[in-house]
Structure formats: C-alpha cells, structure tokens
Amino acid sequence: MSIKFDAEYDVVVIGGGGSGLSAAVQVARNGNTCAVLEKGSTTGGSSSFAEGHAAFESDEQEKRGIHVSKTEAFNTYMDYSHWRADPALISRFVENAATTIVKMRDEIGAHYENVEITAPDQPGELVTWHLPEGEVARVIELLEADAIRRGVDLFMSTSATEVLRENGKIIGVKAIDADGQEVILGAKAVIVGTGGYANNPEMMDKYAKYNIGKDLINVGAEGNTGDGIKMVLEAGGIENPNIGTRLLFPLMRDKTITSHTNAAGFQPYFWVDQTGKRFVNEIVGLNFGHAGDVVASLPGAMYWSILSKESIDHLVNIGNDVGLGIYVRNYEKLVNLSNEIAADATDKDRTNVLSAGTIEELATKMKIAPSILRAEVDEYNNYCDAGEDKKFHKRAKYLHTIKEGPFYAIKMETGIMITMGALQINEYMEALNSDHEPISGLYVVGCDAGGLYGESYTLPIPGSANGFALTSGWLAADDISEKIKSGKLK
C-alpha cells in the first residue's frame, strides 16, 4: 500500500488526557518528534476531574512520615482483584509511580500539597493519594504547556479514525481535522489514550454486567466514547478479560458532586430500594465504588435514602460520616443541607427529592406501599434504640433514628466516572494481538488499557486511575524511544 502522508512524526498520540500528554511530553523529552490528536476542543479528558494520583514510596510520602511500601501496594492490588489483575503490569506501575511524582513536580512544576486517604473508616485504605495544588487539572495545564514548549504539535478538535498498518507494522493514523478534512499522519509508533468508553451506552451494555448504559449519569469527559478501543481492535488488538471494569458510584441526577443534598444521599444511614425494602448494610457507602456496584444491580439501578430531622441535624451540626474526595470533605458539616434539601423538595421540576410530615405520606409520594415502608422504618428504629443492627450488622455509630419529621427521600441513581478495564497490553504498554504477542509500534495507556483491576476499581489505593494514566504515558514513551534508537521501530 502506498500512502501519502500529510506529515510524519516519530510518534502520534491519540488522546490529549493525562496519559496522552504525559506520553507526549516524554516523547519530546527523549528527542523524538510527536503529534497529539485530541477530538475535544480542550485537553485533559477525565483527568481534569481527578483530585490526585497514587504513588508508593515517594519522597512526598517520605517527608510526611507516610510509609506505604511497593510490596504492600502490589499485594493490595493483587488481593483486591482476586489475582485477576496482571502481576507484571501491576509491578511495573508500582515500581515507577513515585518517579511520576518527581517528573510532575521537578520537570513540569506541579506542587504537592498533601498525601491522604479518601475514607478514614474504610478498612485497609493506603495513604497514596497525592494531591497537587490546583488538582490534576493544574497538572494537565502544566503538561500541555511543556508539550508545546518542547515542540509537540497539538491538533485540537481532531478525531483519529484509524490506526494504519502495513505488512504488520504500524505506519500512522488517519484523522478528521477541525475543518472536517481527512488528515493522514505517518508515525513509527502510535500511543492510544482516549479515556475508555464511559460515555458510550452501547459499549457499556456490551461489556458491563448491567444493561443500564443509557441511564448512567456520566460525570467524566464527554469524549470517552471508546474510539481508541475500537481502533486498536481493528488494528489487531484484543480485549482484556476484565474489559467491563468501571468506576460507578451513587449520584443524584441533575445535581453536582459538591451538592450537600447529594452528599446526604450517600451517607450510611437508611436506604431502601424501589419497593421500600432496606437491602444492604449502608456502610457500603464508605467505599463509593462498592456502593455504585450495589446500586447498579438494584431494580431501576437506584435507591431512596430516607432522612429524618435527626439525620439532618447530625449532618449539619456534627458533620458527615463519609465525604466525596475533596469536593465534600470527610466529617465536613453540611451547613447548606437544610435549605438546599427543602428547596429541592419544593422544586416542581425535581422528582428525586421528596418531603412529607409522616412516613406514610412520604411512601405515597415515593409510590411505595405505606405499610411496607412503615414496617421497615419501625424495624430500623428498634435497631437504633437497641444500638444493634440485627439485620445487616451495621456499626452502632451509623444508626440514626427516623422518628421526627419532616422526612425526606433522596433518589440516588448510578453515576459513572470512568471505565478502566479495556485492551490487553503487556507491562511495556504494548497492545497484544490474538497470539498474545506485542503489535510492534502500537501502545495503549490510561483507561484504554486493561490489566490493573479485577472486577472493580481498587479504592483502598486512592488515585490509582490517574496514577496509572500519568505513569503509563511516560513509560510507553520511554519504550518507544529505546526501540527507535535500537532500530526496532523505523
């Protein structure tokens, strides 16, 4: 096949998120030419929504007296995934994530304000969440500026459509530019980092357990539609066995993640399904990934969080029992809750917050048999009074009675941040073919790559997705540079 290229580079990166920009900066730093194709009008992707990223035995942890060994991290990843994760890939990430902190700080100018955990009561959580000033959105700004300074060509509003191969060799990428014209770029290697498929309902239904793709509330990047995954599969790549892995969490529709009503809805107090039955130990809310999986499996992929005046007084005056990252801090007093939830309940356009003076009236508004909800509330109040949850064995500190009105019902549905399990790669970020051999010159990074997880996101290691995105990017770039120097990629 004879192709006339509009331009030629050593490396073309598809996707301008955290993984793609990390790769592009490292490609340029290694002395290779690079172009980034980003279909959106801005860079960042889902990385722009991240607060921090994971690392192990970093100097930022060391200077704060925090000790999380690489061995401990490796074992946590493997055990949490029931050893379905790829040990070689886990090891490569764990060994190199601390170097990512150094690169982001010393080479592009990020400043790390703290290293934390996300949920103090979550058993076994490691202190790995490195929080940069300005969050990861600031890191993205710095990466983009550094890429431009180093001569990387960034093509915005440009959608890659095909990874080109000739005689088993990667030779470039086809794309549609901002003017709707086809562009063909030559390359010795292509790095795919398009952020997964969280905003593609058809792919969600194909790969996930639950047929709820069209009803998911996506809070990540709109451009995460699986483009890169499709292109790699068409170029001979294969799916990772855990391709359906995704990060779900309970969320109110049409509310922001900073909303105090939304925060109240995932507190571990009293939850019922759409029939009015309590269905779980609400402590699952301390691990929002587990809670998301639970909600997705319920009828209607939703639950009602029932709050009484006692619960609201506790949240306003004492504080919450579980936050949501840095958007709602752990133990923060939800000072806006009383006014916000009352306004939500009287908003005629909103049907996911209901209020009533009695449990029976609330049940009627929820379209639940009043006798069922009344029986569940009475049973729960008995457990609260006794200080012992005999049904689901929830710790007494989370037992708050539902006796004094007004009463509120908050409808919590299934939100999605990102998908993680996707394409099969090796520890060098090379895409594998059906013989499980590397496709020379084709690399996959970030959320398009599979192998870091089992069935769910590893929340005991906060910052995993972004830590892997930033780390996998520069590791792929280094491998490409070595292969170009050795003549393996021409």
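Predicted model, so just to flag it, every value in this text is computed and none were measured.

Participant: If you had to explain the overall build of the protein to someone new, which residues and values would you point to?
Facilitator: When helices and strands are tallied, the protein shows 14 helices and 17 strands. Taking 23 Å as the expected radius of gyration for a compact globule of 490 residues, we find that the protein reaches 24 Å, a close match to that expectation. Principal axes of the C-alpha set define a box for the protein whose edges measure 75 × 50 × 40 Å. The burial tally for the protein puts 60% of its 490 residues in the buried class. The long-range fraction of contacts in the protein, counting pairs at least 24 apart against all pairs at least 6 apart in sequence, stands at 73%. For the protein, the computed accessible surface area is about 18,900 Å², with 48% contributed by carbon and sulfur atoms.

Participant: Residue-level account of the packing of helix H1 (residues 18-29) against helix H5 (residues 135-149), with values.
Facilitator: Where H1 contacts H5, the two axes come as close as 9 Å, and the packing angle between them is 35 degrees. Relative to H5, the crossing made by H1 is left-handed. Contact residues: H1 offers Gly18, Leu21, Ser22, Val25 and Arg29, while H5 offers Ile140, Leu143, Glu144, Asp146 and Ala147. Per-class residue counts for the contact of H1 with H5 are five nonpolar, two polar and three charged.

Participant: Tell me what's going on with the pattern of salt bridges, and back it up with residues and numbers.
Facilitator: Per the counting criterion, the structure on display carries 35 salt bridges. Across the salt bridge formed by lysine 103 and glutamate 107, the nearest N and O atoms sit 3.9 Å from each other. Placement of the pair is lysine 103 and glutamate 107 together in helix H4 (residues 87-107), with a separation of four residues, close to one helical turn. The exposure class of lysine 103 is buried, given its relative accessible area of 10%.

Participant: Can you tell me about the UniProt feature "domain: FAD-dependent oxidoreductase 2 FAD-binding" (unreviewed entry) in the protein, naming the residues and giving the values?
Facilitator: With numbering matched to this structure, UniProt assigns "domain: FAD-dependent oxidoreductase 2 FAD-binding" (unreviewed entry) to residues 10-457. Across residues 10-457, helical content stands at 30% and strand content at 21%; the span's end C-alpha atoms are separated by 34 Å.

Participant: Outline the nonpolar core, listing residues and values.
Facilitator: Phe56, Val190, Ile191, Met429 and Leu442 are the most contacted members of the largest nonpolar core, which totals 137 residues. A per-element tally of this core places helix H14 (residues 464-486) first, with nine residues. Setting aside residues no more than four positions away along its own chain, isoleucine 191 makes contact with Val11, Val12, Val13, Ile14, Ala23, Tyr443, Val445, Ala476, Ala477 and Ile480.

Participant: Before we move on, can you summarise the pairing of strand S11 (residues 246-251) with the specific residues and values?
Facilitator: Judged by how many residues are buried, S11 sits mostly within the fold: six of six residues are covered. With burial as the criterion, each face of S11 is covered, one bearing Arg246, Leu248 and Pro250 and the other bearing Leu247, Phe249 and Leu251. Here six bridges tie S11 to strand S15 (residues 407-419), and the two strands are oriented antiparallel to one another. Across the sheet, residue leucine 251 finds its bridge partner in S15, namely glutamate 413.

Participant: Mind laying out the sheet that holds strand S4 (residues 112-116), listing which residues take part and the relevant values?
Facilitator: The strand order across the open sheet built from three strands is S3-S5-S4, with neighbouring strands paired in antiparallel fashion. The sheet terminates laterally at strand S3 (53-54) and S4, the two strands that pair on one side only. Note: S3 against strand S5 (residues 129-132), two bridges, orientation antiparallel. Directly across from alanine 54, in S5, lies its bridge partner tryptophan 129.

Participant: Could you give an account of the packing of helix H10 (residues 309-317) against helix H11 (residues 337-346), naming the residues involved and the relevant values?
Facilitator: As a packed pair, H10 and H11 sit with axes 10 Å apart at the nearest point and diverge in direction by 135 degrees. Classified by the angle their axes make, H10 and H11 are oblique. Facing H10, whose interface residues are Ile312, Leu315 and Val316, H11 presents Leu337, Ser338 and Ile341. Among the residues forming the contact of H10 with H11, the class breakdown is five nonpolar, one polar and no charged.

Participant: If you had to explain the pairing of strand S14 (residues 353-356) to someone new, which residues and values would you point to?
Facilitator: Burial of S14 is two-sided: the residues Val353 and Ser355 facing one way and the residues Leu354 and Ala356 facing the other way are all buried. Bridge count for S14 against S15 is four bridges, and the pairing is antiparallel. Across the sheet, the residue bridging to valine 353 is isoleucine 410, located in S15.

Participant: So what's going on with H14? Which residues, and what values?
Facilitator: Under the 1.5 Å per step criterion, the end-to-end length of H14 is 32 Å for 23 residues, consistent within 8% with the ideal 33 Å. Among the 23 residues that make up H14, 19 are buried, leaving the element largely enclosed by the rest of the structure. Taken from the residues just after H14, glycine 487 is the one with a positive phi, measuring 85 degrees.

Participant: Describe the packing of aromatic side chains, listing the residues and the values that go with them.
Facilitator: With the rule as written, the count across this model stands at 12 aromatic pairs. Judged by centre distance (5.7 Å) and plane angle (85 degrees), the rings of phenylalanine 56 and phenylalanine 93 are edge-to-face. With phenylalanine 56 in the loop between S3 and helix H2 (59-62) and phenylalanine 93 in helix H4, this residue pair connects regions lying 37 residues apart in the sequence. A residue is classified by how much of its surface remains accessible, and phenylalanine 93, at 0% relative accessible area, is buried. A ring pair is formed by phenylalanine 249 and phenylalanine 288, whose centres lie 6.3 Å apart and whose planes are at 75 degrees; its orientation type is edge-to-face. With phenylalanine 249 in strand S11 and phenylalanine 288 in helix H9 (residues 288-296), this residue pair connects regions lying 39 residues apart in the sequence. Three or more aromatic residues joined by ring pairs form one cluster here, namely Phe56, Tyr77, Phe93 and Phe468. Here the basic side chain of lysine 103 rests over the ring of tryptophan 474, its NZ or CZ set 4.9 Å away from the ring centre.

Analysis parameters
- Numbers given for residues are sequential positions, taken from 1 along each chain in its written order.
- Where totals are concerned, whole chains, interfaces and linings use all residues; where local detail is concerned, this predicted model gives features only for residues with pLDDT of at least 70, and gives and counts side-chain atom pairs only at 80 or more.
- In computing side-chain properties, one takes all heavy atoms of the structure into account and sets aside hydrogens as well as water.
- The helix and strand labels rest on DSSP assignments: H or I over at least four residues marks a helix, E over at least two residues marks a strand, and numbering proceeds from the N terminus.
- As defined in this context, the radius of gyration uses C-alpha atoms, and a globule is described by 2.2 Å times the residue total to the power 0.38.
- Exposure is judged per residue with a 1.4 Å probe applied to protein chains only, and the accessible area is read against the type maximum: over 50% gives exposed, under 20% gives buried, and values in between give partly exposed.
- Throughout, a contact is declared for two residues whenever any of their heavy atoms are within 4.5 Å.
- Using the Shrake-Rupley algorithm and a 1.4 Å probe, accessible areas are obtained, with residue cover drawn only from the displayed protein chains.
- Orientation is described by lines fitted to C-alpha atoms, with helices fitted over the stretch in contact, and by angles between N-to-C directions that extend from 0 to 180 degrees.
- The sense of a crossing depends on the near helix, which, turned anticlockwise from the far helix by less than a right angle, makes the crossing left-handed and, turned clockwise, makes it right-handed.
- Under the grouping applied here, Gly and all other residues not named as nonpolar or charged are polar, the nonpolar ones being Ala, Val, Leu, Ile, Met, Phe, Trp, Tyr, Cys and Pro and the charged ones Asp, Glu, Lys and Arg.
- Within this document, salt bridges are pairs made up of a side-chain nitrogen of Lys or Arg and a carboxyl oxygen of Asp or Glu, the two lying within 4 Å of each other.
- UniProt positions are given in the numbering used here, feature names are shortened, and annotations may be inferred rather than shown by experiment.
- In plain words, nonpolar cores are sets of buried Ala, Val, Leu, Ile, Met, Phe, Trp, Tyr and Cys residues tied together by side-chain atoms within 4.5 Å.
- At least two bridges found by DSSP between two strands is the condition for calling them paired.
- Working rule for angles: under 35 degrees goes down as roughly parallel, over 145 as roughly antiparallel, 65 to 115 as roughly perpendicular, anything else as oblique.
- Expected span of a helix: the number of residues minus one, times 1.5 Å.
- Pairing of aromatic side chains here covers Phe, Tyr and the six-membered ring of Trp, requires ring centres within 6.5 Å, and sorts the geometry by plane angle: under 30 degrees stacked, over 60 edge-to-face, intermediate tilted.
- Either the NZ atom of lysine or the CZ atom of arginine qualifies as a charge over a ring when it sits within 6 Å of the ring centre and within 35 degrees of the ring normal.

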